[in-house]
Amino acid sequence: MTFDEVIGQQETKQRLLQMVQENRLPHAIMLCGPQGVGKKALAISLACQLLSSGNPSANTQAMLAKLEHPDLHFTYPTIKLPSMSSDHKPVSDDFAREWHQLLMSSPYFSMDEWMNAMGGENQQAIITAGESDELVRKLSLKSSQGGWKVSIDWLPERMNIECANKLLKLIEEPPQQTVFIMVCEEPDRLLETIRSRVQRIDVGRISDEDIAQALVSRRGIGEDDARRISRLARGSWMKATEELKVGTENEVFLDLFITLMRLAYQRRVKDLRKWSETLAVFGREKQKRFLVYFLRMTRESFMYNFHEAELSYMTQKEEEFAKNFARFVNEDNILSLYDLANRAIRDIGQNANAKIVFFDFALKMIVQLIQK
């Protein structure tokens, strides 16, 4: 993978390349930033740059193209499968095939996608002490190609304390010609002693222009749709690609939002009860995601009233509904609507009866719309 394949982030690319070219790359760096901005892609591109600089042969390029270079090592959170023995400490190599498949499809993926790939949706993924032992063993070997050895550590904040302490010692006394590249989303969860021994580089959100351009050139999206999606993505390529999926969850949520508002406006209590029963069937996490979507649409509808395009972040379908609905969200009820949704999120999180929560939520929506 090359830096040209990374979406946007021109400033960070230039900074990393300059470090390599001027031979002043520290032995441990940490790329920090929110999901979907390209931290993994930057880390892999930097690793490929290093590994090819000392040996630019066709064989090296072929190995790097497949991310199968023997001096490129990946560390990432794992889970314990039922098939594993009770004393086994899961390590990255246990899931190497799943990791490679997901990474080759795209380096822009989330923890949820990685959990699905491992088959552990209901578990907590961590990096165990067994992983640090494996890393010590691998990095103690001589470089197979006579150059750099690179360790990419994805989400090091998920290390348990035993692993973190062992990694700290490895960073303090790194093997010769070894570079650690950490890809971190919550650096405050890392040991202060580790944070103080790495050079932190903050990776900001991708610009709307870069996301729009990538949607047009890589996905064949029309320019107008690309512009809308890029604004909705809020700097995340992952969110941008999610918007492209057919039948996305947000489309379901939009239909539920529209139905709720129309039924509430018409005061159709029996139908609102059926609406609440539909929501009650969802899992609690999906119920909370709908309420978060409700908050977003409420905010966007309110902002639509100002007729300033740069203030509104909606899809074309959402905007079509907002044209007539926005006037019902105003200074008199915007705060009350927010309070209703946030209380519902709290109640769902505390395992309250979902049918009761959503039916009460729907009935109170009638009162809020009457205020217009």
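Residues numbered from 1 in each chain as written. Predicted model: local features only at pLDDT ≥ 70, side-chain atom pairs only at ≥ 80, totals over all residues. Heavy atoms only, no water.

A closer look at the side chain of Ser 236
Defined as follows: Secondary structure counts use DSSP, requiring at least four H or I residues in a row for a helix and at least two E residues in a row for a strand, with both numbered from the N terminus. Any N or O atom pair separated by 3.5 Å or less is treated as a polar contact, with the protein-specific requirement of one donor-capable and one acceptor-capable atom, and with residues adjacent in sequence counted only for side-chain atom pairs. In what follows, residue pairs with any heavy atoms lying within 4.5 Å of each other are defined as contacts.
Tracing the backbone through its elements, the reader meets Ser 236 in the loop between helix H10 (223–233) and helix H11 (237–244). Within the structure, Ser 236 has its side chain in polar contact with the backbone nitrogen of Met 238 (distance 3.4 Å). Residues contacting Ser 236, with those up to four places away along its chain left out, are Gln 35, Gly 36 and Ile 211.

Examining the pattern of salt bridges
Just so we agree on the cut-off: The working definition used for a salt bridge is a side-chain nitrogen of Lys or Arg within 4 Å of a carboxyl oxygen of Asp or Glu.
Scanning the entire structure with this criterion turns up 24 salt bridges. With a closest N to O distance of 3.8 Å, Arg 273 and Glu 277 form a salt bridge. Taken together, the residues span about one helical turn, with Arg 273 and Glu 277 both in helix H13 (residues 269–281) at a distance of four residues. Because the salt bridges share partners, they merge into one network encompassing Lys 89, Asp 133, Glu 162 and Lys 166.

Things to note about the packing of aromatic side chains
Applicable threshold: Pairing of aromatic rings covers Phe, Tyr and the six-membered ring of Trp, with a centre-to-centre limit of 6.5 Å; geometry is then stacked below 30 degrees between planes, edge-to-face above 60, and tilted otherwise. Relative accessibility thresholds used throughout: buried, under 20% of the residue-type maximum; exposed, over 50%; partly exposed, between the two (1.4 Å probe, protein chains only). For a Lys NZ or an Arg CZ to count as sitting over a ring, it must be within 6 Å of the ring centre and within 35 degrees of the ring normal.
Per the stated rule, a full pass over the model turns up 20 aromatic pairs. Between the aromatic rings of Tyr 76 and Trp 99, the centroid separation amounts to 4.1 Å while the plane-to-plane angle is 10°, which identifies the pairing as stacked. On the criterion of sequence distance, the pair formed by Tyr 76 in the loop between strand S2 (72–75) and helix H4 (96–105) and Trp 99 in helix H4 is long-range, its members being 23 residues apart. Taking 5.7 Å as the distance between ring centres and 85° as the angle between the ring planes, the aromatic pair formed by Phe 257 and Phe 325 counts as edge-to-face. You can see Phe 257 sitting in helix H12 (residues 249–266) and its partner Phe 325 sitting in helix H15 (residues 316–325), a full 68 residues away along the chain. With relative accessibility at 0%, the residue Phe 257 sits in the buried group. Phe 325 gets classed as buried once you look at its relative accessible area, which sits at 7%. Members of the aromatic cluster, joined through ring pairs, are Phe 74, Tyr 76, Phe 95, Trp 99, Phe 109, Trp 114 and Trp 154. Here the basic side chain of Lys 40 rests over the ring of Phe 109, its NZ or CZ set 4.2 Å away from the ring centre.

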